[in-house]
Amino acid sequence: MRPQHTKAVKEDFTCAHCGAQVKGNGRTNHCPVCLWSRHMDEVPGDRASTCQGMMKPVGVWVQHGEITRVEHECEKCKFRRYGPVMPEDDRELLIKISVADIRK
Ligand SMILES: [Zn+2]
Ligand SMILES: [Zn+2]
């Protein structure tokens, strides 16, 4: 048995928001279907947060016309962070978020 460490692990999870089965790839921490995440980490990958709140996608980061990052806000503690957009993420939903985000 090896001690658990903070390295990014490929873990599959079931989305607590929409119920989709998500295949972990070691980098994503959000659901590609609804883009919701969960407040599990203090530092990405460490799983040290005790909050466990659901994190809503509230904004996106656009670079050179491409959406490269999605911003999540925790519904419980209002903690915000950016996560990388994955190729499998729902593009239409990302665009919707970017439109809703415009008055920020
Ligand atoms: Zn989902
Ligand atoms: Zn939280």
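See above for the structure.
Here's what I pulled together on the structure shown here. (Residues numbered from 1 in each chain as written. Chains lettered and ligands numbered in written order. Predicted model: local features only at pLDDT ≥ 70, side-chain atom pairs only at ≥ 80, totals over all residues. Heavy atoms only, no water.)

Take the coordination of the zinc ion (ligand 2) next. Coordination sphere of the zinc ion (ligand 2), protein contribution only: His39 (ND1), Cys51 (SG), Cys74 (SG) and Cys77 (SG), at 2.0 to 2.4 Å. Considered as a linear motif, the donors of the zinc ion (ligand 2) on their single chain read H-x11-C-x22-C-x2-C. Of this pair, Cys51 sits in the loop between strand S3 (37-38) and strand S4 (54-63) while Cys74 sits in strand S5 (residues 66-74), and the two are 23 residues apart along the sequence. One exposure class covers both Cys51 and Cys74, and it is buried. (Donors = N, O, S within 2.8 Å, 3.2 Å for Na, K, Ca; no water. Helix = DSSP H or I, 4+ residues; strand = E, 2+ residues; numbered from the N terminus. Buried < 20%, exposed > 50% of the residue type's maximum accessible area, 1.4 Å probe, protein only.)

Our next topic: the pattern of salt bridges. For the structure on display, the rule yields five salt bridges. A salt bridge links Lys23 to Asp12; the shortest N-O distance between them is 3.3 Å. Highlighted residues: Lys23 in the loop between strand S2 (21-22) and S3 and Asp12 in the segment before strand S1 (13-14), separated in sequence by 11 residues. Between Lys78 and Glu73 there is a salt bridge, with its nearest N and O atoms 3.7 Å apart. (Salt bridge = Lys/Arg side-chain N within 4 Å of Asp/Glu carboxyl O.)

Moving on, we come to the pairing of S4. For S3 and S4, the ladder comprises two bridges, and the chain directions are antiparallel. When the sheet's bridge partners are listed, Arg38 is paired in S4 with Met54. Inspection of the sheet shows S4 paired to S5 by eight bridges, in the antiparallel sense. Each residue of the ladder has a partner; that of Pro57, found in S5, is His72. Count of turn residues in the S4/S5 antiparallel hairpin: two residues, of which His64 carries a positive phi of about 50°. (Pairing = 2+ DSSP bridges.)

A few words now on the coordination of the zinc ion (ligand 1). Within the protein, the zinc ion (ligand 1) binds to Cys15 (SG), Cys18 (SG), Cys31 (SG) and Cys34 (SG); these donor distances fall in the range 2.2 to 2.3 Å. For the zinc ion (ligand 1), the four donor atoms in the first shell make angles of 104 to 113° at the metal, a pattern classed as tetrahedral. Positions of the donor residues of the zinc ion (ligand 1) along the chain correspond to the pattern C-x2-C-x12-C-x2-C. Assessed through its relative accessible area of 0%, Cys31 is described here as buried. (Tetrahedral: all angles 85-135°; square planar, octahedral: opposite > 155°, others 65-115°.)

On to the sheet that holds S3, then. Backbone hydrogen bonds hold the strands of a sheet together, and the pairing may be parallel or antiparallel. The strand order across the open sheet built from four strands is S3-S4-S5-S6, with neighbouring strands paired in antiparallel fashion. Of all the strands in the sheet, just S3 and strand S6 (80-84) have a single pairing partner and so form its edges. Of the strands in this sheet, S4 and S5 are in contact with helix H1 (residues 91-100), which crosses S4 at around 85°. (Contact = heavy atoms within 4.5 Å. Axes fitted to C-alpha atoms, helices over the stretch in contact; angles between N-to-C directions.)

Let us now look at the environment of Cys18. For Cys18, the location among the structural elements is in the loop between S1 and S2. Under the relative-accessibility criterion, Cys18 is labelled partly exposed at 37%. Distance from Cys18 to Trp36, taken between C-alpha atoms, is 8.5 Å for residues 18 residues apart in sequence. In this view, Cys18 contacts Cys31, Val33 and Cys34; residues no more than four positions away in its chain are not counted.

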